[in-house]
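If you want the building blocks of each chain, they are given just below.
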Amino acid sequence: MPRQFRNARLMKHLKVADAMKLLGVSQPTLSAWEGGRKSPSIEKLELMADVYEVSTDYLLGRISTYKNTPSNPVSHASLPVLHEQPLWSPEYGWLLVNSIEKHLIQPDGNTIPFSAAGDLYTTPPVFSVPETLSEPPLTRAQILTKEEMWVEPISPDSLLRDELRGWYHRKDRYVENEYGNRFYLDTYEAKWLGFEKEQN
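Quantities reported herein were computed from a predicted structural model and do not represent experimental measurements.

Novice: How should unusual backbone geometry be read in this particular structure?
Specialist: Most peptide bonds take the trans form, and the phi angle of most residues other than glycine is negative. One non-glycine residue with positive phi stands out, namely E84, at about 65°. With a phi close to 55°, K102 is a non-glycine residue in the positive phi region. Counting through the fold element by element, K102 comes out in the loop between β3 (93–98) and β4 (103–105). The exposure class assigned to K102 is exposed, which follows from its relative accessible area of 51%.

Written as structure tokens, this is what we have:
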């Protein structure tokens, strides 16, 4: 099975020089690992998994067991709230979501528009990604009929998304949570999406 060292580094947006510093290795060593000419020690493999925020199974290429049995289909309408999340495509393999440009990024840097991506899946044993995204977000018309909904912010800032996501109550022109955070209805699908269920 091909190793995923380079793919994981690219998905984390790390240059070779940055990865070398974080992993404490030289450029020839990192190149040898990524080229399959050398193998890292168990300690370095675990460090690499921590730095790249993936599992050691992913790094070792053991994800192929999921290739023919993808789980947790992802609704294309939910892609705006999955910025920088890895997804599996039976056609293209691992892809990284870029919500800002509305495309998916392949490990080699090529891009695929959301509209051309085909079926997309998460694989929870490899990545911790919400399982309920197979349910599409509420439409604008549905938003107006709900008193309460789960809100997922659309933002490249993962800390901001984590801080603002949650249950919101609908008011006249906006939704608001218990802390006074608001999303206006006229920014729906541009700055936020609403769901009936909590996105675990």
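Let us keep going from here.
Novice: Even after reading the chapter, I still don't get the side chain of T187, so can you show me in this structure?
Specialist: Among the structural elements, T187 can be located in the loop between β10 (182–184) and β11 (192–195). Looking at T187, the relative accessible area reads 18%, which means it is buried. At 2.7 Å, the side chain of T187 and the backbone oxygen of Y184 are in polar contact.

Novice: Could you clarify how one ought to interpret helix α4 (residues 42–52) in this entry?
Specialist: In an α-helix, one turn spans 3.6 residues, which is why side chains three or four residues apart end up on the same side. Among all positions of α4, only L45, M48, A49, V51 and Y52 are buried. Take α4 and look down its axis: the buried residues cluster within an arc of 165°, on one side only. Of the residues in α4, the exposed ones pointing more than 90 degrees away from the buried face are I42, E43 and D50. A positive backbone phi angle near 60° is found at E53, which sits one or two residues after α4.

Rules used in this analysis
- Residues numbered from 1 in each chain as written.
- Predicted model: local features only at pLDDT ≥ 70, side-chain atom pairs only at ≥ 80, totals over all residues.
- Heavy atoms only, no water.
- Helix = DSSP H or I, 4+ residues; strand = E, 2+ residues; numbered from the N terminus.
- Buried < 20%, exposed > 50% of the residue type's maximum accessible area, 1.4 Å probe, protein only.
- Polar contact = N/O pair within 3.5 Å; in protein donor to acceptor, adjacent residues only side chain to side chain.
- Arc of directions from axis to C-beta.

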